[in-house]
Every structure is written in structure tokens, then in C-alpha cells.
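Chain by chain, the residues:
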Amino acid sequence: MQRYFVAREQLEPGLVRLTGDDAHHLVKVMRAGPGDEFICSDGCSREVLAKISSIDRGLVEAEIVRELPMDSEAAVEVWIAQSLPKGDKLETVIQKCTELGADRFIPFISERTIVSYDEKKESKRLARWDKIAKEAAEQAHRNRIPGIDSPLSWKQLLKLVPEADLGLICYEQESGLSLRPQLAELFRRGEQGQASHGGRGPRPRVLVLVGPEGGFAAKEVQEAVDAGCASVSLGRRILRTETAAMAALTCIMYESGEMGG
């Protein structure tokens, strides 16, 4: 069933109003008409099943049939910090990692970042990234749309490490630490915390740092470790930067039990 995210003011008691691209997509692309149903969410606290009652010049009004549970988000909160890659690779990371369950994307500039970031184009680029995340969240039946930060410097990124329960920097030359033991320890602590709080503990937060096409410089890895990250390997094969983010996130979701781990 088709799903749309809307602003809170569009989701009223007993009524939903779709406008703009969402209304056009529902009516013109999906060929929906009066009596057809769709799912609508404010991306925060409400998700409803709605039935179309009227269509008029780019406005769709729908009667709320019933409230739906907000239960499709992962048990772990994952922030993907991705060094800006070339071309549209970041768009791929945002789309696929949104589908997999990432909560936040943090683009950043590191020593070996190849692209020249143009701040004048920032608002247009952020708008496109937000649109990609919204559409991917709708397709994946997420309850929320991941947040996307404006690109940070390396030093600004490191200041976020203490906000996570576990910080991981993916480093192709790491030979000692793998991802799984770090995650196992995190989830063990989380289970103990939930037990002591009656099972109502907060979701553990994992920050994953992924380098650009040329990888991280050795000094950056050390700086990340000094800031509180664990340097981890994603295996013996060298992954593309966009593949690394997806692989790390998939491992995290599996180990947390989201994919049967």
C-alpha cells in the first residue's frame, strides 16, 4: 500500500490533506480515486490508514480510517558519517541505507576527499538528499525519515563521537578488530540496561565513519580512535566507499536482531 510523509498540520483529527508532489503521485501515477486507501505519517508520532474522500486541483482529502502502530523502526539507532564521494554515490548511500534503517546521515570532508564542496549549492543539494531519503523511507515503510546534516569538517565530526554509545571507523588496513565483537559488547550492555529499567531503555546509538574513495589517512584513524572510536575491518576485501556504508549497516542490523541475527 502506498505511503506518504506529511507535515503535522496536514494530519488533522479525522482528516488528511495531501498536496503538491504527493497528491500528484497518488492521483496521476498511482491512479488512485475516491474510496482508495493509503498510509500517511507525520514522521514523528502518528501514522494512519486513510481513505480518499475527494480530489480537487492538486488537493487530496482523505478520511482517517484508523490509527496505525509506529513499530517499523530498528532497535538500534545508526548514524552514517560518509566522507563526500564523487558523483552521485552519496545519493546511493542515502537511498539504500535509509531502506536498511539508518537514522541520520552526516556527510563530511576528510583529508582524501576528492570532490570540491561548493557551499553555494548546499541548499539545493540538501533538498535533493532529503527528497531521496523521504522517498526511500516511504518505499521501505519506515515510520520516520532520516535526518541529513550539512557537510562537516573532520574536526566537527570528531566532536560528535561522544554522543554515540559506540563509534566505529571503517579502516581497510585494520587487522586486529572486526565489527562483530564491538557490536556484541554494545548489545550486551544494552540488554543489561533494559533489564535494569524494566525493558524500557533507550535505543543504543552507533556512529559509523566511512572514508572517501582513497580511504582514511593513518593519522585520521588515530584521531578517531583518540576521540573514542574503534577501528574495525569489514573483511579481507577492499570495498567501494558506497558499499562500505551499506555493508557496515547491514552487519549492525543483523547483529541487533533486525535481520534474524
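This text goes with the structure placed above it.
Worth saying up front: this structure is predicted, and the values here are computed from it rather than measured.

**Student:** Give me the lowdown on the overall build of the protein, citing residues and values where you can.
**Tutor:** Scanning the protein from N- to C-terminus turns up seven helices and 13 strands. Against the globule reference of 18 Å for 261 residues, the protein gives a C-alpha radius of gyration of 20 Å, in line with a compact fold. Projected onto the principal axes, the alpha-carbon positions of the protein cover approximately 60 × 50 × 30 Å. A burial count over the protein gives 46% of its 261 residues as buried.

**Student:** Tell me what's going on with the pairing of strand β8 (residues 104-109), and back it up with residues and numbers.
**Tutor:** The buried fraction of β8 is high, at five of six residues. Sheet analysis places strand β7 (residues 77-83) next to β8, joined by five bridges and oriented parallel. Within β8, the residue paired with Gln82 across the bridge is Pro107. Alignment of β8 against strand β9 (residues 147-148), held across two bridges, turns out to be parallel. The partner of Phe105 across the bridge, within β9, is Ile148. The sheet contact formed by β8 and strand β10 (residues 152-153) spans two bridges and is parallel. Across the sheet, Phe108 pairs through a bridge with Leu152, a residue of β10.

**Student:** How would you explain the pairing of strand β4 (residues 37-41) if you had to name every residue and give the values?
**Tutor:** For β4, a buried count of four out of five residues is recorded, marking the element as mostly surrounded by other parts of the structure. Of the pairings in the sheet, the one linking strand β1 (residues 3-5) to β4 comprises three bridges and is parallel in character. Within β4, the position partnered with Arg3 by the bridge is Ile39. Bridge count for β4 against strand β5 (residues 47-56) is five bridges, and the pairing is antiparallel. Pairing of Ser41 across the sheet is with Glu47, part of β5. Taking the residues between adjacent antiparallel strands as the criterion, β4 and β5 are bridged by five residues, where Gly43 takes a positive phi near 70°.

Criteria and cut-off values
Residues numbered from 1 in each chain as written. Predicted model: local features only at pLDDT ≥ 70, side-chain atom pairs only at ≥ 80, totals over all residues. Heavy atoms only, no water. Helix = DSSP H or I, 4+ residues; strand = E, 2+ residues; numbered from the N terminus. Rg over C-alpha atoms; globule rule 2.2 N^0.38 Å. Buried < 20%, exposed > 50% of the residue type's maximum accessible area, 1.4 Å probe, protein only. Pairing = 2+ DSSP bridges.

So far we have only geometry, and geometry alone does not tell us how the molecule works.
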